[in-house]
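Descriptive analysis of the structure
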Amino acid sequence: MGVAILAVLAVVAVVGPLLVRDPAAQNIRDRLQPPNAVYWFGTDDLGRDIFARVVSGAPISLASGLASVAVGLGLGTLVGTVAGYAEGRTGLALMAGVDLLLALPAILLAITVAARLGAGLPAAMLAAGLVGLPAYARLARASTLAVKRREMVDAARAIGASDRQIVARHIVPNILTPLIVQSTIGVGNAILLVSALGFLGLGAQPPTPEWGRMLADAQRYVTSSPYIGIFPGLAISLTVLGFNLAGDGLRDALDPTVGR
Amino acid sequence: MASYLLRRLLLTIPILLGVSLLVFFMLHSAGGDPAQIMLGSRADPASLAELRRELGLDRPLWVQYLDFASGAARGDFGRSYRSNTPVAAEIAARFPATIELAVAAMGIAIVAGGIVGAVAAVRRHTVLDYLGSAGVLLGISIPTFWLGIIVIIVFGLWLRWLPISGRVDPRLGAAPSVPFLTVTSLLQGNWAVAGDALRHLIMPALTLAAWPAAIVARMTRASLLESLGQDYARTARGKGLPERLIVVRHAARNALLPVLTVVGLEFGTLLGGAVVTETIFAWPGLGQLTVTAISARDYQVVQGVVLLLAAVFVLLNLLVDVLYAVLDPRIRYG
């Protein structure tokens, strides 16, 4: 089910923008039209086609979710693996830094980072990535601690492998499974966070057809033209649902301890 | 227990110091000259320099940080660049509204999430269980800000059951800045205001509750299922106790601990999530204050709010750990 939703989304994201009207084209004469045969999802206050904007927002949201997770997963795995492999003071210091990120509620950390970097989609993605980092770092550290005690690591060391080689060839490949499960669910959360920042005006800037930003603009017309806000939100919910379902499925398939 | 508590309390100091460092340096290196923001574009360079000196912005950053940190330790977060009022006063005026909203939302989340999770566990693999799981998935997938817009459309605009913004109808003469308006007016016997405040509270609280309710439901189900599979549950079943009593008397108590943990953690998240919910419903709390402050680059206010919420978050985690020991006699902290 989750994979099916994601497959449809991927197709929409890749092919969709080529087939719809220009999402930035303003047609003031047709402004604030409810859904009809010409404009399937209606038009917004500037007469832009909401269907075109929602479809064109798909690659933006998917890319922002994936990029955020890439940042969090990459940095988190690096920090967690080093902390787990080195242990001792280095490990403790690294994990203390990670725990610091956990002392702030996610949205506040994201707001602080986005405020520092200036409003924009890249800042929002980096912010969402940093919010996810502690989860990956902790998971990577715990798995590294378990894997490094295995005989294969001793064997690799005995034949003269360097620390870097051991980490890259033996440890990282063996800790990937839980990290992949976590990151699938993480994409959904990252998309929620990036769109929340867009909604607060700290993410994507106009005229980018980002779904969160579209909802912020729709809010002003909620009493007169409530339909403007329906479709971008539906799109976010479906996307996040897809990633959550796929993540759950993946965990059930890969983790034998999960009861069915 | 006392020494454990003391140690944990002491440990919060470096955490909060770290958070204050993080937040201060991030916001203060963000660019945007506060003096320029306060005086506007018409100010001449001499006035700008004068104001920078007055605000202490001409000093090295680390001196400014030490000043901020020592002030914050005494509850003084400096003055707002925008309104020139003490940040602590602005926070004090707004915090109760956020707490009221967050407590109402958490109450809803615990009751709704607890019931859904428990029913799903007891009626495992039935339609009720699957409906519960679907509800949980929707709860964690629907963005808060969209849910807010939807409930406004449905309950505020179509059905016209509830007011769509604010904290109380201004025509009733109650100041929206009264701390804990609903409870206060109830205690004063001011039914009109209490009723109106409650009606204003329902939609934002429901919106904010959706996410934690889903998390609580998921944890309750998992935790209760585990308890029901334990030996003592089998023994109780062997004694011929009815299933209802096994769930209520034996399993539920033991399933409580993990649920308590997520409630504690989610409450912190909830305070953060209030930023978005308050923006949608024009709820005059900390979240709305933060968003306005960010767009005005009033970083004094932003760092004050963030630091305060981080402190609450850290203390909540500590409280959860202490409650653990109180509720579970097997856990003893030395």
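Since the model is a prediction, treat every value here as computed from it, not as a measurement. Counting starts from 1 at the beginning of each chain's written sequence and moves along it residue by residue. As they are written, the chains are lettered A onward and the ligands numbered 1 onward, keeping that order. Totals for whole chains, interfaces and linings use every residue, but because this is a predicted model, local features are given only for residues with pLDDT of at least 70 and side-chain atom pairs only at 80 or more, for both listing and counting. Only hydrogens and water are set aside when side-chain values are computed; all heavy atoms of the structure are taken into account.

**A word on the overall build of chain A**
Threshold: What counts as a helix is a DSSP run of H or I of at least four residues, what counts as a strand is a run of E of at least two, and both are numbered from the N terminus. Exposure is judged per residue with a 1.4 Å probe applied to protein chains only, and the accessible area is read against the type maximum: over 50% gives exposed, under 20% gives buried, and values in between give partly exposed. We call two residues in contact whenever any of their non-hydrogen atoms come within 4.5 Å of each other. Computed with a 1.4 Å probe, the accessible areas rest on the Shrake-Rupley method; for each residue, only the protein chains presented here act as cover.
The secondary structure content of chain A amounts to nine helices and zero strands. Secondary structure of chain A in N-to-C order comes out as α-α-α-α-α-α-α-α-α. Projected onto its principal axes, the C-alpha coordinates of chain A cover approximately 75 × 40 × 30 Å. Here chain A holds 260 residues, and 52% of them are scored as buried. Expressed as a percentage of contacts within chain A between residues at least 6 apart in sequence, the contacts between residues at least 24 apart total 70%. Of the roughly 11300 Å² of accessible surface on chain A, 65% is carried by carbon and sulfur atoms.

**Some details on the side chain of Glu 278 of chain B**
Residue and element names in this part refer to chain B. Rule in force here: Charge counting treats Lys and Arg as positive and Asp and Glu as negative, with His and both chain ends excluded. A side-chain nitrogen of Lys or Arg and a carboxyl oxygen of Asp or Glu constitute a salt bridge if their distance falls within 4 Å. Here a polar contact is taken to be a pair of N or O atoms separated by no more than 3.5 Å, where protein atoms must pair a possible hydrogen donor with a possible acceptor and residues adjacent in sequence count only if both atoms sit in side chains.
With respect to the helices, strands and loops of the structure, Glu 278 is situated in helix α11 (residues 243-281). Buried charge without a partner: Glu 278 forms no salt bridge, and the closest opposite charge is Arg 94, 6.0 Å away. Here Gly 287 takes part through its backbone nitrogen, which lies 2.6 Å from a polar atom of the side chain of Glu 278. If sequence neighbours within four positions are ignored, Glu 278 has contacts with Thr 98, Leu 101, Trp 283, Gly 285, Leu 286, Gly 287 and Gln 288.

**Structural notes on the packing of aromatic side chains**
Where we set the bar: Pairing of aromatic rings covers Phe, Tyr and Trp, the last counted by its six-membered ring, and requires centre-to-centre distances within 6.5 Å; plane angles under 30 degrees mean stacked, over 60 mean edge-to-face, and any other angle means tilted.
If you walk through the whole model with that rule in mind, you get nine aromatic pairs over all chains. Ring plane angle 5° and centroid distance 3.9 Å describe the contact between Phe 41 of chain A and Phe 231 of chain A, whose orientation is recorded as stacked. Here Phe 41 of chain A is found in the loop between α1 (2-19) and α2 (50-86), whereas its partner Phe 231 of chain A is found in helix α9 (residues 230-254), with 190 residues between them in sequence. Across the pair, Phe 231 of chain A and Phe 41 of chain A agree in class, each one buried. A ring pair is formed by Phe 199 of chain A and Phe 145 of chain B, whose centres lie 4.8 Å apart and whose planes are at 15°; its orientation type is stacked. Remark: Phe 145 of chain B occurs in helix α7 (residues 144-158) and Phe 199 of chain A occurs in helix α7 (residues 163-199); the pair is interchain, linking two chains. Owing to a relative accessible area of 2%, Phe 145 of chain B belongs among the buried residues under this scheme.

**Here we look at the interface of chain A and chain B**
As a reminder of what qualifies: Reported buried area values correspond to the accessible surface (1.4 Å probe) lost by two parts on association, with both partners' losses combined.
In this assembly, 39 residues from chain A lie in contact with 42 residues from chain B. Of the roughly 3500 Å² buried at the junction of chain A and chain B (both faces included), carbon and sulfur atoms supply 80%. Among the residues of chain A in contact with chain B, Leu 100, Leu 108 and Arg 116 of chain A are the three that bury the most area, contributing 16% of the side total. For the pair chain A and chain B, the number of links is one salt bridge. For Asp 248 of chain A, the salt bridge identified is with Arg 218 of chain B, shortest N-O distance 3.5 Å. Inspection of the chain A/chain B interface yields five residue pairs in polar contact (both at pLDDT 80 or more).

**Things to note about the packing of helix α6 (residues 151-158) of chain A against α7 of chain A**
Residue and element names in this part refer to chain A. Here is the rule we go by: Structural elements are reduced to axes, namely lines fitted to C-alpha atoms, with helices fitted over the stretch in contact, and the angle between N-to-C directions of any two is expressed from 0 to 180 degrees. Convention used here: angles under 35 degrees read as roughly parallel, angles over 145 as roughly antiparallel, angles from 65 to 115 as roughly perpendicular, and any remaining angle as oblique.
Where α6 meets α7, the closest approach of the two axes is 11 Å, and the angle between their N-to-C directions is 170°. One finds that α6 runs roughly antiparallel with respect to α7. Of the residues in α7, those touching α6 at Met 152, Val 153, Ala 156 and Arg 157 are Ile 166, His 170 and Asn 174.

**Quick look at α11 of chain B**
Residues and elements named next belong to chain B. Let me state the cut-off plainly: Each residue after the first adds 1.5 Å to the expected span of a helix. Think of it this way: the bend at a residue is just the angle between two axes, each fitted to seven residues, one set ending at that residue and the other starting at it.
Helix length check: α11 (39 residues) gives 44 Å between terminal C-alpha atoms against 57 Å at 1.5 Å per residue, more than 12% under. The sharpest bend along α11 comes to roughly 50°, located at Ala 252. A positive phi of about 50° marks Ala 282, the residue just after α11.

**Section: unusual backbone geometry**
Geometrically, the link from Pro 206 of chain A to Pro 207 of chain A is a cis peptide bond, its omega value of 5° lying close to zero. Topologically, Pro 207 of chain A is positioned in the loop between α7 and α8 (211-219). Phi is positive for His 125 of chain B, which is not a glycine, with a value near 60°. Locating His 125 of chain B in the fold gives a position in the loop between α5 (87-122) and α6 (127-141). When its relative accessible area of 44% is taken as the criterion, His 125 of chain B is described as partly exposed.

**Considering the pattern of salt bridges**
Residue and element names in this part refer to chain A. For the structure shown, the criterion picks out 16 salt bridges over all chains. Of the charged contacts, one joins Arg 157 and Asp 154 as a salt bridge, the two residues approaching to 4.0 Å between their closest N and O atoms. Placement of the pair is Arg 157 and Asp 154 together in helix α6, with a separation of three residues, close to one helical turn. On the accessibility criterion, Arg 157 (40% relative accessible area) is partly exposed. For Asp 154, a relative accessible area of 43% puts it in the partly exposed group. In this structure, a network of salt bridges that share partners links the residues Asp 44, Arg 48 and Arg 53.

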